[in-house]
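Residue-level structural notes
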Amino acid sequence: MSVGESITRVDAVQKVTGQAKYTADLAPKNVLYAKLVHATIANGRVLSIDGGEAEKVNGFVKLVTCFDVPKTQFPTPGHPWSVEKAHQDVSDRTLLSERVRLYGDNIAVVIAQSSLAAAKAARLVKAEYEEYAPLMSAKEALAHTEHPLHEEKPDNLIAHSHFTVGEESYEQAKAEEPDCLELVKNYQTQTVQHCHLEPAQSYAYMEGDRIVVVSSTQIPHIIRRIIGQALSLPLGRIRVVKPYIGGGFGNKQDALVEPLAAYLTTVVGGKPVMVELSREENFTATRVRHAIEFDTRALVRRDGTLIARKLSAYSAQGGYASHGHSIVANSTAAFKQLYRDRKALECDAYTAYTTMPTAGAMRGYGIPQSDFATECMSDDLALMLHMDPIDFRLKNCVQAGYKDPHTGITFYSYGLEECIQKGKKAFHWEEKRKEYAHQTGDIRRGVGMAIFIYKTGVYPISLETAGARLTLNQDGSVMLQMGATEIGQGADTVFSQMTAETVGITEDRVHIVSTQDTDYSPFDTGAYASRQTYVSGMALKGAAELLKKRILDYAAEVLNRPAEELDIRQNNIVQAKDGDVLLALAKLAEEAQYSLKHSVHISAEYSHHCTDNTFSSGACFAEVEVDIPMCRVKILRILAVHDSGTLINPKLAEAQVHGGVSMGIGYGLYEEMLFNEKGKPLNDNLLDYKLPTAMDSPDMEVEFVQVEDPTGPYGNKALGEPPAIPPAPAIRNAVLNATGVAVDSLPLSPQKLFEHFVRAGLIKEEQGNV
Amino acid sequence: MIKLLNMTVNGRAVSVPVEEGEALLETLRNRLELTSVKRGCEVGECGACTVLVDGRAVDSCIYLALWAEGKNVLTVEGLQDENGVLNPIQKAFVEEAAVQCGFCTPGIILSAVEIVGSGKKYTRDELRKQISGHLCRCTGYENILNAVERIVNELNG
């Protein structure tokens, strides 16, 4: 047995000794450095670029401007390509841009012999602009269309989508139920950044007429396709290599600097060129999480039955489409999936270009945003009804066997209610709610919670396909190659465990090749959508079963016995019925390779086209202490309970939850990208952007409800992204419980709490003015 | 201007030519190929480039290489014993699942070496403060604290 055991990470020793190599560690000595020149306006057009001073810098090699690059527009999001034009990603970007669509847009690039020379020269490049007013929110961009950001979208609207659930409209339901209470609210989430510790970076060089790109990416095979599109080159001439990466969280599920690096090597005769972003550039010139605003209405009966909801969601895209409307479309789906409106749900979603950093995929893909809205709404409704918020949720939340009416995705392994009950008990919920019911004074405590639902992978919205390859070594160990990527989450470790489990060997006999190289790695779309243990796990299981069959067929030949009577257990060929050891696998493997009678190189490759999906779910509970005069929230206790099917490696699963909860705490209390009125970023660094430190992070409690999922290759389902979803609303609801103040936008920063507490009379206005 | 820097790195005396304005981060990474020293922000905010200079943790991105003249520099490449056996702190990080993407790991391990080197005992909250100069986006610091707390208790208990 290997699946279900908490083995140590297969890459841990390499990572504590410095042996693990990341992109920048692999760059050749003679690499040239490229430094981007960024626009110093948020909206407008480049009229001219003057590189005269830059050329004088010692070590200067070349200046490439937006006027020099190909006019080919390409898409950047890391989706599997759709062969149907209607479903293809928006191609709205060139390698460098004449039309400035955000503060810091890439308008030119300097290549030099050292990173210092490149940075010096880039600073000396001068540009003249025609300037327009910045468009800082989705609603603002939709209202001001004098200078559309992209001519293909004259209204700045990338897309609008609409869905309904139920036979009638919200207004009909309202007319039929005059006794219902109605809640009208606007909930808002902010722009945040992934802040993986390794900034985005790639270097590229040529081998003959082929371009090799080494990159910190979650999606090497997709990056290869995008580079081909950007450079109008056949994909066979591009090779992408993905070594260890220092975190991604969705940012690196996008073509960030890869197409540019690939292009730049072609303009310097194939010499290696490195594009290494600074931390500041990583904030503004990669991707961010979409700020989404929800205008909502909800109708409830006085007994707490949810009757109908109606909402419009406005998603701020930033300057380029990237993942675009997919995010808010996924976001709004959570409204129908998490709760049951007895009569009607009407939902509209809009994605608008804005002159802000481009938003893309980030852990949870729109769900942390909508979960903030649904979970604030549940508590606000419960408060209006004088009902316990858990009782309200149990009365209205998704039930076992749920099937999405539009996508058909089914909740095959339902653990949500058990998660809620488990957390409620562990948190002494009822006692705490009673204890905190009537508080006075400056320091008050409260408990709050939030639930969520999350699908596993992207089927049926997009293609789900994965590949795995296993080769038997002469010593009976196995080489494992996956197209799926290790990005810190522990994929390589759980894939090794799956291989050991299915082949019948111990994990120490599995050697995983961590690097993906599109020249030899099996195809897989990569790390996103919490899909790999599920979808890539299916491909791996297929490969492992095939390898095992081939080994047993050869063993049958050697032992002169039917293969059906044989099995592999603990690195031995055994008799299936009683486990009697017949031959060491190592011995058989050696024979297979070198036999003078019949040598066979035993290997197995398997690709899996996945047409399944299932839901994960869970609940987060938070207990806070609010210092009202100081406008400060301290988390006393936080508990995450997850329904993620069978766990492959409980210890790593728990660690994954820790990281997600921490990201959720940052989202809830601290993190927000700020801009001045001109659209210039104000806190694009790790000092002013408040990423949680160890001092801001409480001890995190983790529980699991393990319901085996019948569709998961090992009973497993999504876990990677979900932990980041519910902490922010759980904290917001705990603050509501403590103070009676409902904060409807994120984050709950001291400034915002101060304004709310003054309005609520908790802080006297005179006090506030001091 | 190029100058010759003499220092001890991971127990070995080295003489290496450096630019006057060069950060120790660049010297270690580019000239001595000690790539465990990571570049995360280059302005002393994230702690990924932490190394020990004479036993004290410094951000090597904002520490001039020439300041290390005559000093002892330690990176994680220098932590294993001559047989390659992991240092107890490295071992604790492996066993406590304190490692995920691994990019902040070498820096935090070196801070842990400094903490253990103090010979003092610390509460968990004191340890939070001690490692608060390191940013980590993967772990929420939970297992990192478990590893550091365990090793401080074992070695300084």
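What counts, and at which threshold
- Residues numbered from 1 in each chain as written.
- Chains lettered and ligands numbered in written order.
- Predicted model: local features only at pLDDT ≥ 70, side-chain atom pairs only at ≥ 80, totals over all residues.
- Heavy atoms only, no water.
- Contact = heavy atoms within 4.5 Å.
- Buried area = accessible area lost by both parts, 1.4 Å probe.
- Salt bridge = Lys/Arg side-chain N within 4 Å of Asp/Glu carboxyl O.
- Pairing = 2+ DSSP bridges.
- Helix = DSSP H or I, 4+ residues; strand = E, 2+ residues; numbered from the N terminus.
- Axes fitted to C-alpha atoms, helices over the stretch in contact; angles between N-to-C directions.
- Buried < 20%, exposed > 50% of the residue type's maximum accessible area, 1.4 Å probe, protein only.
- Core = buried A, V, L, I, M, F, W, Y, C linked by side-chain atoms within 4.5 Å.
- Domains from an automatic or database assignment.
- 1 Å grid on protein atoms, 1.4 Å probe; cavity = no way out; pocket = protein on both sides within 12 Å on 5 of 7 lines; lining within 4 Å.
- Points joined across faces, edges and corners; volume = space filled by probe spheres on them.
- Nonpolar A, V, L, I, M, F, W, Y, C, P; charged D, E, K, R; others polar.
- Phe/Tyr/Trp six-rings, centres within 6.5 Å; stacked < 30°, edge-to-face > 60°.
- Lys NZ or Arg CZ within 6 Å of the ring centre and 35° of its normal.
- Expected span 1.5 Å × (residues − 1).
- Polar contact = N/O pair within 3.5 Å; in protein donor to acceptor, adjacent residues only side chain to side chain.

On to the interface of chain B and chain A, then. Taken together, the contacts link 45 residues of chain B with 54 residues of chain A. For the pairing of chain B and chain A, the buried interface totals around 4000 Å² over both sides, and the portion due to carbon and sulfur atoms is 56%. Contact with chain A buries area across many residues of chain B, yet Arg39, Gln100 and Arg137 of chain B alone supply 21% of it, more than any other trio. Run the count over chain B and chain A and you get eight salt bridges. One salt bridge in this structure joins Arg137 of chain B and Glu671 of chain A, with 2.8 Å as the shortest N-O distance.

Turning our attention to the sheet that holds strand S3 (residues 60–65) of chain A. All names here are of chain A. Read from one edge of the open sheet, eight strands run S3-S5-S1-S12-S9-S10-S11-S20, paired in mixed fashion. Looking along the sheet, the strands with just one partner apiece sit at the ends: S3 and strand S20 (516–517). Sheet topology places strand S9 (residues 201–207) next to strand S12 (residues 273–276); four bridges connect them, and they run antiparallel. Paired with Ser202 across the bridge in S12 is Val275. Its contacts with the sheet put helix H6 (residues 220–231) on strand S10 (210–215), strand S11 (238–242) and S20, and the angle it makes with S11 is roughly 145°. Along the sheet face, helix H7 (residues 258–267) touches strand S1 (32–38), S3, strand S5 (106–112), S9, S10 and S12 and points at about 35° away from the line of S9.

Residue and element names in this part refer to chain B. Bridge analysis of strand S1 (residues 2–9) against strand S2 (residues 12–19) gives eight bridges, and the strand direction is antiparallel. From the neighbouring strand, Val9 faces S2, where its bridge partner is Arg12. In textbook terms, the turn of a hairpin is the stretch between consecutive antiparallel strands, and for S1 and S2 this stretch comprises two residues, one of which, Asn10, has a positive phi near 50°.

All right, on to the pattern of salt bridges then. Here the structure, examined in full by the defined rule, presents 63 salt bridges over all chains. Note that Arg39 of chain B is salt-bridged to Glu276 of chain A, the shortest N-O span being 3.3 Å. On the criterion of chain membership, the pair formed by Arg39 of chain B in the loop between helix H1 (24–31) and strand S3 (50–53) and Glu276 of chain A in strand S12 is interchain, its members lying in two chains. Neither Arg39 of chain B nor Glu276 of chain A differs from the other in exposure class; each is buried. Several salt bridges share partner residues, and in doing so they unite Lys651 of chain A together with Lys91, Glu95, Glu96, Arg150 and Glu154 of chain B into one network.

Counting residues in hydrophobic clusters, the biggest one holds 143 residues, and the most contacted among them are Ile451, Ile638 and Ile731 of chain A together with Phe93 of chain B. Residue-level mapping places this core at the junction of two domains, with at least three residues from each of domain 1 (2–78) and domain 2 (88–156) of chain B. Discounting chain neighbours no more than four positions away, the residues touching Phe93 of chain B are Val16 of chain A together with Ala98, Val99, Thr105, Ile108, Ile109, Ala112, Ile144, Ala147 and Val148 of chain B. Counting residues in hydrophobic clusters, the runner-up holds 67 residues, among them Ala108, Val110, Ala121 and Leu233 of chain A.

The subject of this paragraph is unusual backbone geometry. Negative phi characterises most residues that are not glycine, and trans characterises most peptide bonds. In this chain, Tyr459 of chain A is followed by Pro460 of chain A through a cis amide linkage whose omega measures 0°. For Pro460 of chain A, the location among the structural elements is in the loop between strand S16 (443–455) and strand S17 (465–472). Omega for the bond connecting Leu746 of chain A with Pro747 of chain A falls within 30 degrees of zero, at -5°, which places this linkage in the cis form. Within the secondary structure layout, Pro747 of chain A lies in the loop between helix H18 (727–739) and helix H19 (750–759). Of note in this structure, Cys631 of chain A is not a glycine but carries a positive phi near 55°. Given the relative accessible area of 5%, Cys631 of chain A is considered buried. One non-glycine residue, Asn10 of chain B, lies in the positive phi region at around 50°. Looking at the element boundaries, Asn10 of chain B is found in the loop between S1 and S2. Relative accessible area serves as the criterion here: at 24%, Asn10 of chain B is assigned to the partly exposed category.

This part is about empty space enclosed by the protein. Rolled over the atoms, a probe sized like a water molecule indicates the empty space that remains. Residue and element names in this part refer to chain A. Enumeration according to the criterion identifies nine cavities of 30 Å³ or more in this entry. The computed volume of the largest cavity comes to approximately 140 Å³. Together, 14 residues line the largest cavity, and Arg93, Leu95, Asn106, Leu256 and Val257 are the ones closest to its centre. When its residues are assigned to classes, the lining of the largest cavity shows nine nonpolar, three polar and two charged.

Picture the strands of a sheet paired through backbone hydrogen bonds; they go either parallel or antiparallel. All names here are of chain B. Taken together, five strands build an open sheet; the order of strands is S2-S1-S5-S3-S4 and the sheet is mixed. Each edge of the open sheet is held by one strand with a lone partner, namely S2 and strand S4 (56–59). Here the average twist between neighbouring strands, direction ignored, is 45°. Both S3 and strand S5 (residues 72–74) contribute to a ladder of two bridges, which runs antiparallel. Looking across to S5, one finds that Leu52 is bridged to Leu74.

Residue and element names in this part refer to chain A. Applying the stated rule across the entire model yields twelve aromatic pairs over all chains. Judged by centre distance (5.9 Å) and plane angle (80°), the rings of Trp429 and Phe621 are edge-to-face. Of this pair, Trp429 sits in helix H13 (residues 429–435) while Phe621 sits in strand S25 (residues 615–627); the two residues are 192 residues apart in sequence, bridging distant segments of the chain. Of the residues examined, Phe621 reaches a relative accessible area of 0% and is grouped as buried. The structure contains a cluster of three or more aromatic residues connected by ring pairs, namely Tyr402, Phe411, Tyr414 and Phe615. Cation over ring: Arg531 sits above Tyr528, and NZ or CZ is 5.3 Å from the ring centre.

All names here are of chain A. Over its 19 residues, helix H10 (residues 367–385) extends 26 Å from the first C-alpha to the last, a length consistent with the 27 Å expected when each residue adds 1.5 Å. Judged by how many residues are buried, H10 sits mostly within the fold: 17 of 19 residues are covered. After H10 finishes, the residue His386 shows a positive phi value of roughly 55°.

Sheet faces and side chains relate simply in a regular strand, where the side chains alternate between the two faces. Residues and elements named next belong to chain A. With respect to burial, S16 is a largely interior element, eleven of its 13 residues being buried. Pairing of S16 with S25 involves 13 bridges; the strand directions are antiparallel. Opposite Ala450, over in S25, you have Cys620 as the bridge partner.

All names here are of chain B. Domain annotation for chain B reports domain 1 (2–78) and domain 2 (88–156). Using C-alpha coordinates to define each centre, domain 1 is positioned 21 Å away from domain 2. Contact with domain 1, which involves 17 residues of that partner, is made by twelve residues of domain 2. Across the interface of domain 1 and domain 2, roughly 1100 Å² is buried in total on both sides, 66% from carbon and sulfur atoms. Counting across the domain 1 and domain 2 interface gives zero salt bridges. Our enumeration of links across domain 1 and domain 2 arrives at three residue pairs in polar contact (both at pLDDT 80 or more). Per-element accounting of the side of domain 1 that touches domain 2 gives the leading share, three residues, to S3.

On to the environment of Leu585 of chain A. Residue and element names in this part refer to chain A. Within the element layout of this structure, Leu585 appears in helix H16 (residues 585–594). Here Leu585 falls in the buried class, since its relative accessible area comes to 1%. Along the primary structure Leu585 and Lys271 are separated by 314 residues, whereas in three dimensions their C-alpha atoms are 47 Å apart. If we skip the residues at most four places from it in the chain, Leu585 touches Gly476, Ile505, Ile551, Ile568, Asn571, Asn572 and Ile573.

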